[in-house]
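Architecture and fold: a report
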Amino acid sequence: MSSRKILVTAALPYANGQIHIGHLVEYLQTDIWVRFQKLRGHRCLYICADDTHGTAIMISAKKEGISEEAFIARTHGEHQQDFAQFDIEFDNYGSTNSPENRELCGEFWTQIRQAGLVKEKDVEQLFDPEANTFLADRFVRGTCPKCASPNQPGDNCSACGAHYTPIELIDPVSTLSGATPEVRSEKHLFIELEKLHGFLDEWTQSGAHLQPEVANYLKGHFLHEPLRDWDISRPAPYFGFEIPDFPGHYWYVWFDAPIGYMASTKQWCAKHGESFDDWWRGDTAEIHHFIGKDITYFHTLFWPGMLKTAGFALPTKVHIHGFLTVDGAKMSKSVGTFVAARTYLDHLDPAYLRYYYASKLTPRVDDLDLNLEEFATKVNADLVGKVVNLASRTARFAGATGLSETYPEDGGLFAHAAAQSEEIAAAYEACDYNKAMRMILALADRANPYVETKQPWTLKKDPDKQGELQDVCTVALNLFRQLAVYLAPVLPRLARQTGELLGDPIVRWDQAQTPLVGTPVGKFEHMLQRVEPKKVEAMIEASKEEAAAAEAAAPSAHNDSDEALQAEPLADECTFDDFTKVDLRVARVVAAEQVPEARKLLKLTLSLGGDERRTVFAGIKAAYEPEQLVGRLVVFVANLAPRQMKFGLSEGMVVAAGPGGADVFLLNVDEGAVPGQRVH
RNA sequence: GGCGGCAUAGCUCAGUUGGUUAGAGCAGCGGAAUCAUAAUCCGCGUGUCGGGGGUUCGAGUCCCUCUGCCGCUACCA
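Model, not experiment: these values are computed from the prediction.

1. Brief notes about the overall build of chain A
Scanning chain A from N- to C-terminus turns up 23 helices and 27 strands. C-alpha atoms of chain A, sized along the principal axes, occupy 120 × 65 × 45 Å. Residues counted as buried form 50% of the 680 residues belonging to chain A. Once local pairs closer than 6 in sequence are excluded, the contacts in chain A between residues at least 24 apart make up 72%. Just so you have it, chain A exposes about 31,900 Å², and 50% of that area is on carbon and sulfur atoms. The averaged location of the 94 negative side-chain charges in chain A is 2 Å from the averaged location of its 67 positive side-chain charges.

2. Comments concerning empty space enclosed by the protein
Considering all chains together, one arrives at 1 cavity of 30 Å³ or more under this definition. Its volume calculated, the largest cavity comes out at about 60 Å³. Considering the residues around the largest cavity, the lining is formed by Leu390, Leu413, His416, Ala417, Leu443, Ala444, Arg446, Ala447, Leu479, Gln482 and Leu483. Elements with a minimum of two residues in the lining of the largest cavity: α14 (413–419), α16 (433–454) and α18 (466–487). Tallying contributions element by element places α16 first for the lining of the largest cavity, with 4 residues.

3. Observations concerning the sheet that holds strand β16 (residues 329–330)
The 3 strands are arranged β16-β15-β17 in an open sheet whose pairing can be described as mixed. Edge strands, defined here as strands with exactly one partner in the open sheet, are β16 and β17 (368–370). The strands that helix α1 (residues 21–39) touches are β15 (324–326) and β17; relative to β15, the one it contacts most, it runs at about 135 degrees. Each of β15 and β17 is contacted by helix α11 (residues 350–360), which is oriented at about 140 degrees to β17, the strand it contacts most.

4. Description of the nonpolar core
Counting 170 residues, the largest nonpolar core has Phe108, Phe255, Trp280, Tyr357 and Tyr428 as the members making the most contacts within it. Not counting the four nearest positions on each side in its chain, Tyr357 is found in contact with Ile21, Leu24, Val25, Leu28, Leu324 and Leu368. Core analysis: the next-biggest nonpolar cluster, separate from the first, contains 17 residues, Leu606, Ala618, Phe636 and Val664 among them.

5. Focus: the pattern of salt bridges
Under the defined criterion, the tally for this structure stands at 40 salt bridges. In this structure, Arg481 engages Asp504 in a salt bridge whose closest nitrogen and oxygen atoms are separated by 3.1 Å. Of this pair, Arg481 sits in helix α18 while Asp504 sits in the loop between α19 (492–502) and α20 (533–553); the two residues are 23 residues apart in sequence, bridging distant segments of the chain. In this structure Arg481 comes out as buried when scored by relative accessible area, which is 4%.

6. Points about the environment of Ala442
Mapped onto the elements, Ala442 comes out in helix α16. Considering only alpha carbons, one finds Ala442 and Thr180, 262 residues apart in sequence, at a separation of 63 Å.

7. With respect to the sheet that holds strand β10 (residues 230–231)
Spatially, β5-β4-β9-β10 is the arrangement adopted by the 4 strands of the open sheet, whose pairing is antiparallel. On the outer flanks of this sheet lie β5 (133–134) and β10, each paired with one strand and no other. Of the strand pairs in this sheet, strand β4 (residues 118–128) and strand β9 (residues 182–191) are connected by 10 bridges, and their pairing is antiparallel. Considered in β9, the bridge of Asp122 is made with Lys187.

Rules behind the numbers
Residue indices follow the written sequence of each chain, beginning from 1 at its first position. A letter from A marks each chain and a number from 1 marks each ligand, given out in the order of writing. Thresholds applied to this predicted model are a pLDDT of at least 70 for local features of residues and 80 or more for the giving and counting of side-chain atom pairs; totals over whole chains, interfaces and linings are not thresholded and use all residues. Excluding hydrogens and water, the side-chain figures rest on all heavy atoms present in the structure. Numbering of helices and strands runs from the N terminus; a helix is a DSSP stretch of H or I covering at least four residues, while a strand is a stretch of E covering at least two. Buried, partly exposed and exposed residues are distinguished by accessible area as a fraction of the type maximum, computed with a 1.4 Å probe on protein chains only: under 20%, between the cut-offs, and over 50%, respectively. In what follows, residue pairs with any heavy atoms lying within 4.5 Å of each other are defined as contacts. Surface accessibility follows the Shrake-Rupley procedure with a 1.4 Å probe radius. Residue values consider only the protein chains on display as shielding. Residues scored as positive are Lys and Arg, those scored as negative are Asp and Glu, and His as well as the terminal groups of each chain are ignored. Positions of charges follow a simple convention, taking NZ of Lys, CZ of Arg, CG of Asp or CD of Glu. In this analysis a 1.4 Å probe is tested at points of a 1 Å grid over the protein atoms alone, and where it fits but cannot get out there is a cavity; an open set with protein on both sides within 12 Å along at least five of seven lines is a pocket; lining residues have an atom within 4 Å of a point. Grid points are joined across faces, edges and corners, and a volume is the space filled by probe spheres set on the points. Two strands pair under a simple rule: DSSP has to find at least two bridges between them. Lines fitted to C-alpha atoms define the axes here, with helix axes fitted over just the stretch in contact, and angles between the N-to-C directions of these axes take values from 0 to 180 degrees. In this text, buried Ala, Val, Leu, Ile, Met, Phe, Trp, Tyr and Cys residues form a nonpolar core when linked through side-chain atoms within 4.5 Å. One side-chain nitrogen of Lys or Arg within 4 Å of one carboxyl oxygen of Asp or Glu is enough to make a salt bridge.

Here it is in structure tokens:
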């Protein structure tokens, strides 16, 4: 077979959070595929990177009071560590916030502009004046414009099902800051994807690049009508790359993220003296993307369209998998099934998860269920009981003699397993790991009865049968080694341990074709511990606690400091009678005007209802414009002794909080209260 | 509403282009063995292959239809 050049990517994890067992479905599926290809002797690169741009990163960094760069640098380290400990081996792990990516984005942009696909349009969007950012739908809640249910999401109503834009919401609130967002209009750049409709029809429906259900999905949901323009710019502030010919605007994160695959490849090429174009132009290399079903349309419509327009190679295949469920349900933080990679590693061996996922993965887009009880029984029965047990029950007998000089008669067992090689390989190639695992385990099921019938433990006792004993062990260990070769993509550590035990590293798939003879056998040590259900429980328990702790540590919008209290400690106790001496009243501001000579004061005219008017000079000039005050309700200290001021008589005061200067905040009065009412 | 998928033993599933009495693992029951991480081996399944109809000499396997579940999507086919 001729050697292929294969570039493989897994989706770029967002730098906003830690890796969890749901992510690992994809990185393990991909890692197994890559290891398989390498074992088969192909040139194969596993390329990934952190996806670092966008509003969410900005917000997270701000929350922690650090720069976006510092934030994503920290995540980058954490991600790489988690992956490495799961034996996920990338050839290059980059970042979308890299010079290579910026440069490539520019290159794409030039080509897309030249192809006449870029269009400018005005977009109205909600803007959070406090967080100083435009708000995506999911960051807005408010009252449904149709049925008036309060606290509904930004895109549709959970009560009546109405669909709307966040702009239509009544009393919208930003979930980032709690502020009331305002509508702002901005220019955005769009890619006219419709101009590529013909190409995308052909590419998605050819049958070569996508799973059939995915091709059908695209046809039914997008390609049956004109494709909508794709909004690929975001106005400042935005953490990302500024668009060179459109200052103040940035490429939307989904524009630069897939280009990150290429940027990461470019880094690898620079390190290894390889030509980037050999991998991403022409047809010398295959390109395989592994992604989850949630990002299907970015990878099957926009991305091929971008590549096509910019003159790069198109994906050979996009492999799409489903989501992870745990015990039949969505991962849940409160139940403890939202398990971080790190938490898993604190309790369990990564080999378990690698094998369990492999045994469940098929080429289909179906969701994958991690049943925790099955997880333990399956791993123990299959790997410990059947596979490793083969070595465990014979290696000790062969330590003294090593393997026989010639491979003994084994009733065709080795030849049978060798003959399965191509079919198992085809299952791996097709991402049908479920089938591959079943075939491999069936081989283990043939090997154990062999040991049973030959009874090496009986042979051991008979000095005349030492040769036979050596032969039996030679067969059993070779059958075991075949399994280790076939399982090597899934269980790299087991393959390494097997190589050490038999003094012959496992590096090629076709090592399963030839038995090992005449070599020494090392001291057997346990290769894999059994899964202890208690540890699985402990992991779930730990996840539950982590979720609870995270909740307590981050009261989201209410992360209050003690600064205010420190600055102005609590006053001495007073009696209720003391309190009632102060007559607080609701009042409406009916007039407000500047006092030109005053540095801090505004002159307010307050109505207490009816004809009652009071004039107050309030020290809020730096915080409020007179026009924003007129009409609003305030809390007024009605019986405060009048005070003659330079500009007139002040007949009371309005209450406000804050240290002063521009940081003064008038107390608001909830709806329903009317001027003249006393505050109790 | 539309599109896609699934429906096979208590549980998880396999059944390749339709072909002999429908299989495996786990769990369960009985036995053996004691080399091995209480691992292993042997034996034990009368399942309406979701219901109905059709094509065919023959269908779990193809077609139609109904029902149920899941996913995506939405008033637009």
